[in-house]
Structures are given as C-alpha cells and as structure tokens.
Amino acid sequence: MPGTPFSATVRHEDGGSVIDLVGDIDRNAGDGLTAAYQEATLGRDQGSPVVLSFRDVDYINSTGIAVIVTLLAKARADGRSLRAWGLSPHYQEIFQITRLADFMTLFETEPQALAVS
Amino acid sequence: MDQRKDDANWSPPRQHLEIGDSPADFNTGRVQGRRLTGPQQGFGQLWQKTYKVAIPNRTPEQIIATWKAEYGRFWPSNSRFYAPVTGIKPGEVGLIKSNQGPVPLSTGVLVLYSDDTSFSYMTPEGHPFAGFITFSAYEDEAAGTIAQVQLLIRTNDPLYEAGMIAFGSRAENKMWEHTLRSLADYLGSSAPVDTSIVRVDRKRLWKNFRNIRYNGALPWVRKVRSS
C-alpha cells in the first residue's frame, strides 16, 4: 500500500512548541523531523517542552521508531522534555514495547501535554 | 488516526524474553526472563551505525526474503545465530553465541518488527548493546537496490563500554561488513560495503550504571582479577 508522504510543521504555543506530524514515519522522516525540532527549539528556553502531535500520523514502522528514538536522545541531551499526544492505542502499545514510553510521556490531548510543567 | 493494519508486523506486547526450545549447548540463563532494553535503557554513548551494499537486479522483497530465510549463513564463522524455529517473525526470539571478544557470549534478540522489506531486533539486559538493529532493503535511483543494516545502540554497561572502545567497535564493524559482503555474494553482487558511523549522543547514562549486574563477562573479570 503506498504511503502518505511525511511532513512536520511547527507551532509555538503558550506551554511549549508543538510539532504536527503528518503521514508515514519511516526512514524518510529523519531529516524533516530533525529540522522541525531545530525550528521548535530555536530561541526557546530549555524548560520549554516540545510536543509531538501524532494525530495525523498514518503509520510508523521500525525505522520510524529509530528516528523518534534519535530525536528523544537529542532532546534529552539538550535537557528538554519531549512529549507526545494523539497516538492510537496500537502505537501507544508499540511505544511501550520499545520502551520509548519510559522517557516520553504520552497524553490523550494536546492541552494536557502543554499543561504539565 | 486512520491507520493501516500493521499489527501483525510488530511483536506482541512483552517486557521479558521468553524462549521455548533451545539448543542443548546454549546457556539460556542469560536470555530467559531478561527485560528488553531500548537505547535509553543503556549506558554508553549513543551510536547510529549504518552498513549498506548495492545488490542490483534484485527487488527489496527478494533480498529480505533471502536474508530472513538464510540469516545465520551470512554471519562470520566465530559467531552463531540460532534462528527461531518458526522463522524470523515478530515476537520470536533468536539466540546468539559469539566468540568475537575475550569472553564467549550467549545472548538473544527479540524480533521486534518484520515486513516484506525490513525486520528489526531489540536487545535484552545482558546483551552488549541496548537498542535496535534494523535490516532493510530499498530502491535507490543511482545504485539500484540497497541492502542495509542500521544499529541504534548504546553499550549496556561500563564494562561493555570499555570493551567497545578497546576492540568491540572495530569487531562490530567487521562483523556487519562480513554479513553484508556474504549476503551480496550470495545474491550475485560484488559491490563494496559502505559503512557510516554517527555519534548521536556523546553523554553516557550513568544512572544505568547498574546494568553491569547482568553482564555475562563479570565472572570472567573476577576470575582474572583474583588470579
């Protein structure tokens, strides 16, 4: 089945920066996700979290999980909180198996993800 | 979220490795019941290592089908991979015996993900690395079809980190270069293997220092120190 091209756009909200992810997260998502993270954190203090919105993500494969782990490592090296919302129950389960959820808090809604200090 | 049904590609939920039948000469104690470790559960610096080779005139699906079916065949002679009885399928466990370093290693991997063009392993406590190993094949406009191994790993503890600096990293590179060379030879390609190594995070995760309690080389270290 042909995939949906990946894109990532950044919004700056009161509680932090939100990266809206769209399409398939696979090997091709790495550069776009890294660029979005850089845009999201540029000029923002370290305490400002980055929230990944998975609401419009269609598909994540194992190379996509590796891309997200790489971003998580970058955020933790920066001392910055990386959060996620909008994951389906299936992908929440995948985040548990891969132990991504040990280090990235998963939220049901975007306001919840932005509200935690 | 309107998603494709990929449930069957991923391992069922599990936190510990469970192995069924195993070879008589394999020490299952270093695998059975061990927790899975992603890169953030490891200790050492985080590395992304990518090894790839061009295999023209084969489709990604053909390459991955061959790789899964003949996985152990492509390994170096000083290591052995015991594939799951049912094949490389999500949720299955592969067992590994290796004599690459100064201490023989018995460990295993979970088949985390598998589809027609890729499959991934995840490592358990006591394995030299914490992380993922992804095998994939894809079309490249210039080179034709590419077969690739990509590791996203930290060493699991300070002892493995020291060993990795001393000799392990080079041995790891040689091992995967050998694997891809063998796969390419088997599929009729003589293209060179390309290796790319990126340090993703230079920090060591000292809070995971205690992973060393699972290190299978500890008895050997104690013996050497006391002799």
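Reading guide: rules and limits
- Residues numbered from 1 in each chain as written.
- Chains lettered and ligands numbered in written order.
- Predicted model: local features only at pLDDT ≥ 70, side-chain atom pairs only at ≥ 80, totals over all residues.
- Heavy atoms only, no water.
- Helix = DSSP H or I, 4+ residues; strand = E, 2+ residues; numbered from the N terminus.
- Expected span 1.5 Å × (residues − 1).
- Buried < 20%, exposed > 50% of the residue type's maximum accessible area, 1.4 Å probe, protein only.
- Pairing = 2+ DSSP bridges.
- Phe/Tyr/Trp six-rings, centres within 6.5 Å; stacked < 30°, edge-to-face > 60°.

### Digging into helix 2 (residues 62–77) of chain A
Residues and elements named next belong to chain A. Here helix 2 spans 23 Å end to end across 16 residues, near enough to the 22 Å set by a 1.5 Å rise per residue. A large share of helix 2 lies buried, amounting to 13 of its 16 residues. At the C-terminal side of helix 2, Gly 79 shows a positive phi close to 75 degrees.

### Quick look at the pairing of strand 1 (residues 7–13) of chain A
As paired strands, strand 1 of chain A and strand 2 (residues 16–25) of chain A are joined by seven bridges and run antiparallel to one another. Looking at the pairing, His12(A) lines up with Ser17(A) of strand 2 of chain A.

### Points about the packing of aromatic side chains
Residues and elements named next belong to chain B. Enumeration over the complete set of coordinates arrives at 20 aromatic pairs over all chains. Ring centres of Phe 119 and Phe 135 lie 4.6 Å apart, and the angle between their planes is 10 degrees; on these two criteria the pair is classed as stacked. Of the two residues, Phe 119 sits in strand 6 (residues 118–124) while Phe 135 sits in strand 7 (residues 129–140), which places them 16 residues apart along the sequence. With relative accessibility at 0%, the residue Phe 135 sits in the buried group. When the centroid spacing of 5.1 Å and the interplanar angle of 65 degrees are considered together, the rings of Tyr 121 and Phe 135 count as edge-to-face. Of the two residues, Tyr 121 sits in strand 6 while Phe 135 sits in strand 7, which places them 14 residues apart along the sequence. Summarising the burial analysis for this pair, Tyr 121 and Phe 135 share the class buried. Among the aromatic residues, ring-to-ring pairing joins Trp 67, Tyr 71, Trp 75, Phe 81, Phe 119, Tyr 121, Phe 135 and Trp 176 into one connected group.

That is the geometry; function is a separate question.
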